[in-house]
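The lines below spell out each chain.
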Amino acid sequence: MQEYSFTTYWKNEKTSDVVISADRKSVSYTIYNHEVAKAPFGFEDPTVEQMYHFLEERCMPRRPGQLQEYLDYLGLDEYNPWEIVKITHGVMWEDFLWLKFPGESITWEDVKLRD
């Protein structure tokens, strides 16, 4: 198994690094900004369950009738929050938080829905 990791940003400001252990039993969380709105898990290390819940909250809800169209648009066969946020970067209309994955060289301007 491999570990999963991502960095969170508030627009172009790096706010945290998140690493999920290869055994999926722990999460390492490093905070760079101490504003609660910009810290996806507050100021304490999240549990694995909290981290998965966070990822799912950054996806379209599982609504019958709309879900398959959404998955088709993303090119996915099943609802998998990790795979969805890798494509959408977890961008939401409600805030300016987004996720960047290792090896990516993108900025807020590349993923934003609004200014």
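Residues numbered from 1 in each chain as written. Predicted model: local features only at pLDDT ≥ 70, side-chain atom pairs only at ≥ 80, totals over all residues. Heavy atoms only, no water.

### Concerning the overall build of the chain
So, point 1. Assigned secondary structure in the chain consists of 4 helices and 5 strands.
So, point 2. Written out in order from the N terminus, the α and β elements of the chain read β-β-β-β-α-α-α-β-α.
So, point 3. In terms of overall dimensions, the chain is globule-like: its C-alpha atoms have a radius of gyration of 14 Å, near the 13 Å expected for 115 residues.
So, point 4. In the chain, which comprises 115 residues, the share counted as buried stands at 45%.
So, point 5. Residue pairs at least 24 apart in sequence account for 32% of intrachain contacts in the chain once pairs closer than 6 positions are excluded.
So, point 6. The distance from the centre of the 12 positive side-chain charges to the centre of the 21 negative ones in the chain is 3 Å. (Helix = DSSP H or I, 4+ residues; strand = E, 2+ residues; numbered from the N terminus. Rg over C-alpha atoms; globule rule 2.2 N^0.38 Å. Buried < 20%, exposed > 50% of the residue type's maximum accessible area, 1.4 Å probe, protein only. Contact = heavy atoms within 4.5 Å. Lys, Arg positive; Asp, Glu negative; His and termini not counted. Charge placed at Lys NZ, Arg CZ, Asp CG, Glu CD.)

### Notes on the pattern of salt bridges
So, point 1. Evaluation of the coordinates by the stated rule reveals 7 salt bridges.
So, point 2. Across the pair Asp17 and Lys14 runs a salt bridge, and its minimum N-O distance is 3.6 Å.
So, point 3. Here Lys14 falls in the partly exposed class, since its relative accessible area comes to 37%.
So, point 4. We note a salt bridge from Lys112 to Asp115, for which the minimum N-O separation is 2.3 Å.
So, point 5. What emerges from the salt-bridge pattern is a single network uniting Glu13, Glu35 and Lys38. (Salt bridge = Lys/Arg side-chain N within 4 Å of Asp/Glu carboxyl O.)

### Looking at the layout of surface pockets
Think of a ball as big as a water molecule: rolled over the atoms, this probe shows where empty space is left.
So, point 1. For the largest pocket, the calculated volume is near 210 Å³.
So, point 2. Considering the residues around the largest pocket, the lining is formed by Arg58, Cys59, Met60, Tyr70, Thr88, Val91, Met92, Val111 and Leu113.
So, point 3. Tallied by class, the residues present in the lining of the largest pocket amount to 7 nonpolar, 1 polar and 1 charged. (1 Å grid on protein atoms, 1.4 Å probe; cavity = no way out; pocket = protein on both sides within 12 Å on 5 of 7 lines; lining within 4 Å. Points joined across faces, edges and corners; volume = space filled by probe spheres on them. Nonpolar A, V, L, I, M, F, W, Y, C, P; charged D, E, K, R; others polar.)

### Looking at unusual backbone geometry
So, point 1. Of note, Arg24 is a non-glycine position whose phi angle comes to about 60°, a positive value.
So, point 2. Position of Arg24 among the secondary structure elements: in the loop between β2 (13-20) and β3 (27-31).

### Some thoughts on the nonpolar core
So, point 1. The biggest cluster of nonpolar side chains holds 33 residues, and the ones touching the most others in it are Phe6, Val18, Met51, Phe54, Leu55, Ile84 and Leu99.
So, point 2. Residue assignment for this core shows that the elements contributing at least two residues are β1 (4-10), β2, β3, α1 (48-57), α2 (67-74), α3 (81-88), β5 (97-100) and α4 (108-111).
So, point 3. Those residues in contact with Phe54 that sit more than four places away from it in its chain are Phe6, Pro40, Phe41, Leu97 and Leu99. (Core = buried A, V, L, I, M, F, W, Y, C linked by side-chain atoms within 4.5 Å.)

### Quick look at the pairing of β5
So, point 1. Residue alternation in β5 divides its side chains into two sets, Leu97 and Leu99 and Trp98 and Lys100, and both sets are buried.
So, point 2. The sheet contact formed by β1 and β5 spans 4 bridges and is antiparallel. By the bridge assignment, Thr8 is partnered in β5 with Leu99. (Pairing = 2+ DSSP bridges.)

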